[in-house]
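Listed here are the chains, written in short residue letters.
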Amino acid sequence: MRVLETVGEPADLKKLTGQQLIDLASEIRDVLVETVSRTGGHLGPNLGMVEITLAMHRVFDSPRDRLVFDTGHQTYVHKLLTGRAPKFDTLRQQGGLSGYPSRAESEHDVVENSHASTALSYADGLAKAYRLRKEDRHVVALIGDGGLTGGMAWEALNNIAAAKDLKLVIIVNDNGRSYSPTVGGLATHLTSLRTNPRYEKILDLIKKNLGRTPYVGPPMYEVLHGVKKGLKDMLAPQGMFEDLGLKYVGPVDGHDRQAIEDALRNAKSFGGPVIVHAVTQKGFGYPAAEQDEEDNFHQVRPANKPRGWTEVFSDELVRIGHRRPDVVAITAAMLHPTGLAQFAEQFPDRTFDVGIAEQHAVTSAAGLAMGGLHPVVGLYATFLNRAFDQLLLDVALHKCGVTFVLDRAGVTGDDGASHNGMWDMSILQVVPGLRLAAPRDGKRLQELLNEAVEVSDAPTVLRFAKGEVFPDIEAIDRVGENLDVLKRSGTDVLLVGIGSMAATALDVAARLEAQGFGTTVVDPRWVKPVDPQLVEFAKGFQLVVTIEDNGRAGGCGSMIAQALRDVNVTVPVRDFGIPQKFLDHAKRAAVLQEIGLTGQQVARDITELITQQHGDDALTEPNPAGRRPGSA
C-alpha cells in the first residue's frame with residue numbers, strides 16, 4: 001500500500017516516520033505529474049509545494065488552524081492531504097475537483113481565491129476575528145514571491161505589523177518566479193536574502209567565543225546585540241521585513257521538510273506575526289519542469305496546440321511594433337500567457353513587466369501615454385476588474401491613448417468562476433469616451449488592433465476568447481464605417497453577434513430560416529459606443545436579438561436596447577448572454593450548453609418568443625418573403 005493511501009486527513013501525517021514522509025513526497029509528485037498531464041492544470045507550482053505543504057499540516061492543526069493559500073492554484077498537494085486523493089483524477093473535470101480551493105469540497109479550504117496578493121488580507125481579518133473572539137487558533141498565509149509584487153499584499157503587511165499579538169504566520173514561497181521570473185526591487189531583495197550568509201550564524205559564533213571571556217565577554221556581546229540591525233543589513237538584509245515590525249525567520253530550504261517544520265514551529269511559538277522565508281524551485285523533482293525556461297510547467301501545455309487568439313494578437317503586435325516605434329507593451333507578470341513575449345524579444349526596451357500589480361500597470365500606462373507613447377496593456381479579462389478605478393480616473397479622465405488587450409474574455413471553462421471573463425463588457429460600459437472592440441475571428445482581431453492603436457485621445461479595449469481562433473467569417477456587406485453584415489435573408493429577426501458569438505448568431509440564423517423566418521446577422525465590431533448605424537438599421541426588423549459572451553446585466557445587449565429607446569425605436573429586443581452567477585468549472589462548450597448559449601438553445605428560445613407574441617401560425621405558415629403572417 002502506498003503511503004498516500006493511508007492519509008485520509010492531515011492528522012495522519014503526524015503518525016508517519018521520516019522515511020514514510022520521504023516516500024510520501026515522492027508519491028505525491030508522481031500523482032501530480034500523472035494526473036495533471038492528463039487533466040491539465042498547474043503542475044510546476046505544486047511540484048515545488050510538496051514539502052512546504054507537508055510541513056504546514058504537520059505543524060498546524062487544520063481546519064482549526066486556518067491555512068490560506070495565495071494563489072489557490074498551488075493547493076493540489078493540500079487537496080491530496082485533506083481527503084481528496086481518491087477523487088484527484090477528476091481535477092478540473094465537470095463535476096470533479098476544482099483547480100482552486102473550494103469551500104464546497106472541504107472544510108480545510110478557507111477562501112476560493114485564484115487572484116494573487118489577497119491571502120494576507122484574508123489572514124489579517126481571520127486572525128483579528130479569532131483574537132476578538134478569544135479563540136486559540138493560528139492563521140497561516142502562504143504567498144509566493146510573485147504575489148508580494150502586488151500592492152495589496154503590502155497594504156496588508158502594513159496592518160499586520162501593527163498588531164503585535166496576532167497568531168499569524170506568513171510563509172513566503174520564494175521560487176524566483178510568478179509565471180515567469182519575478183521582477184522588480186522585491187525580487188532583487190529576496191535574491192540577496194537567498195545568497196548572503198545568514199547573520200544568525202555570525203552572531204552565534206561571536207556569542208560563543210565572547211562567552212568564554214569572563215567580565216569582558218558578556219558586556220561586549222550586549223553591545224554587539226545592540227547593533228544587531230546593522231549587522232543584519234550588512235550580512236542578510238531582511239531588515240525590509242523587520243523594519244515593518246515583523247519577525248523574520250529564514251531563508252529556509254523549502255524542500256527540506258524537517259528544516260521547514262523547525263522554522264514553522266519556531267514561528268508558531270513566537271506569539272505574533274512572523275514571516276518564514278522558504279526558498280523553493282518551481283517544478284522541483286520533475287526534470288522536464290525544472291528545465292522548462294518559459295514557466296517551469298506553470299500550466300501543462302497541450303502538444304500540437306492549434307493556433308489561438310493569443311498567437312494572432314502576438315504576431316500582429318510585433319508587426320505594429322516594427323511600424324510604430326511609439327508602441328510599448330505592459331504586462332502584469334504574464335508575459336507569455338498574454339502573448340507579449342514575442343514583442344519583448346523584438347523590443348526588450350519597450351516592454352515593461354510590472355509584476356502582479358494591475359493597478360500600477362494601468363496608471364503607469366497613463367504616464368507613458370502622457371509622455372508621448374502608446375501603451376498596449378495585456379491582461380486576462382478577469383484581472384482588469386482589479387484596476388477599474390485606474391482605468392476610469394487615471395486613463396479615461398485624462399483622455400490617454402492606451403490600448404487594453406483582454407485575453408480569456410467570456411467563458412474560459414476549466415479554471416472556474418474566478419477566471420471567466422464575463423464582467424469586462426459590463427463594467428467598461430460606464431467609462432466615458434472608452435471604445436470597446438470585440439473581434440469575431442483572427443482577421444478582425446488584426447484589423448481592430450490596428451484601429452485601436454491609432455486612437456490617441458481615449459482608451460481602447462480589444463477582447464477575445466480563450467483557445468483556438470475561429471475560422472474567418474467574411475462580411476457580405478458593410479453599413480456605415482463599422483457594421484458588418486454577415487448574412488441577409490429577411491427582416492423578421494436581426495441577430496447581433498458580439499465578438500466570438502458571431503458564429504453562434506449565424507448558427508441561430510440557419511435554424512430560424514429552416515422554420516421560415518427571415519434573418520439578418522450583423523457584427524458591430526466596435527460595441528462601445530453603440531453604432532448609430534446599428535440603431536438605424538434595427539428599425540426595419542420585427543425583433544432584435546443580441547448574443548454576447550458576457551454577463552447580461554449591463555452588457556452590450558442592454559446598451560443596444562437603451563440606444564434604441566433613446567431614439568424611440570420600439571422594436572422588441574431580446575438579449576442573450578451569461579447569467580449573473582458564478583459558473584462551475586467545465587469545458588467551455590459544456591458551460592455554454594449549461595447556460596443556454598448555444599445556437600440550438602438560442603434558436604429555440606427565439607422561436608418560443610415569437611410564438612408567444614404571434615401565435616402558432618407564426619411557425620406553421622411561414623412566409624417565403626421572410627415575413628410572419630400578419631406582421632407589418
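If you're wondering where the values come from, they're calculated on a predicted model, not measured in any experiment.

(A) Layout of the packing of aromatic side chains. Applying the stated criterion across every chain yields a total of eight aromatic pairs. Aromatic side chains Phe537 and Phe541 sit 5.5 Å apart centroid to centroid with 50 degrees between the ring planes, which places their arrangement in the tilted category. The residues Phe537 and Phe541 share a single accessibility class, namely buried. Taken together, the ring pairs in this structure connect Trp309, Phe313, Phe464 and Phe470 into an aromatic cluster. Taking NZ or CZ as reference, Arg350 lies 4.2 Å from the ring centre of Phe347, over its face. Above the plane of the ring of Trp526 lies Arg435, whose end atom (NZ or CZ) is 4.2 Å from the centre.

(B) How the structure looks around the pairing of strand S18 (residues 573-578). Sheet analysis places strand S17 (residues 543-551) next to S18, joined by five bridges and oriented parallel. Opposite Val545, over in S18, you have Arg574 as the bridge partner. Handedness of the S17-helix H23 (residues 556-566)-S18 crossover: right-handed.

(C) View of unusual backbone geometry. Ser62 connects to Pro63 through a cis peptide bond whose omega is 10 degrees. Along the chain, Pro63 turns up in the loop between helix H3 (50-59) and strand S1 (66-70). Following Lys528, the chain continues to Pro529 via a peptide bond in cis, the omega torsion being -5 degrees. Tracing the backbone shows Pro529 in the loop between strand S16 (526-528) and helix H22 (532-538).

(D) Focus on the packing of helix H21 (residues 502-514) against helix H25 (residues 599-614). Running from N to C, H21 and H25 cross one another at 50 degrees; their axes reach a closest spacing of 8 Å. Taken together, the axes of H21 and H25 are oblique relative to one another. In terms of crossing hand, the pair formed by H21 and H25 is right-handed. Contact residues: H21 offers Thr504, Asp507, Val508, Arg511 and Leu512, while H25 offers Gly599, Gln600, Val602, Ala603, Ile606 and Thr607. In the contact of H21 with H25, the residues fall into five nonpolar, four polar and two charged.

(E) The nonpolar core, seen in detail. Within the largest apolar cluster, 51 residues are counted, with the highest numbers of intra-cluster contacts made by Phe404 and Leu494. By size, the runner-up hydrophobic cluster in this structure holds 29 residues, among which are Ala505, Val545, Leu583 and Val602.

(F) Structural context of the side chain of Asp174. For Asp174, the location among the structural elements is in strand S3 (residues 168-174). On the basis of relative accessibility, which here comes to 0%, the residue Asp174 falls in the buried class. Reaching out from Asp174, the side chain makes a polar contact with the side chain of His277 at a distance of 2.8 Å.

Conventions used here
- Residues numbered from 1 in each chain as written.
- Predicted model: local features only at pLDDT ≥ 70, side-chain atom pairs only at ≥ 80, totals over all residues.
- Heavy atoms only, no water.
- Phe/Tyr/Trp six-rings, centres within 6.5 Å; stacked < 30°, edge-to-face > 60°.
- Buried < 20%, exposed > 50% of the residue type's maximum accessible area, 1.4 Å probe, protein only.
- Lys NZ or Arg CZ within 6 Å of the ring centre and 35° of its normal.
- Pairing = 2+ DSSP bridges.
- Helix = DSSP H or I, 4+ residues; strand = E, 2+ residues; numbered from the N terminus.
- Right-handed = clockwise from strand over helix to strand, strands pointing away.
- Axes fitted to C-alpha atoms, helices over the stretch in contact; angles between N-to-C directions.
- Parallel < 35°, antiparallel > 145°, perpendicular 65-115°, else oblique.
- Left-handed = near helix turned anticlockwise from the far one by under 90°.
- Contact = heavy atoms within 4.5 Å.
- Nonpolar A, V, L, I, M, F, W, Y, C, P; charged D, E, K, R; others polar.
- Core = buried A, V, L, I, M, F, W, Y, C linked by side-chain atoms within 4.5 Å.
- Polar contact = N/O pair within 3.5 Å; in protein donor to acceptor, adjacent residues only side chain to side chain.

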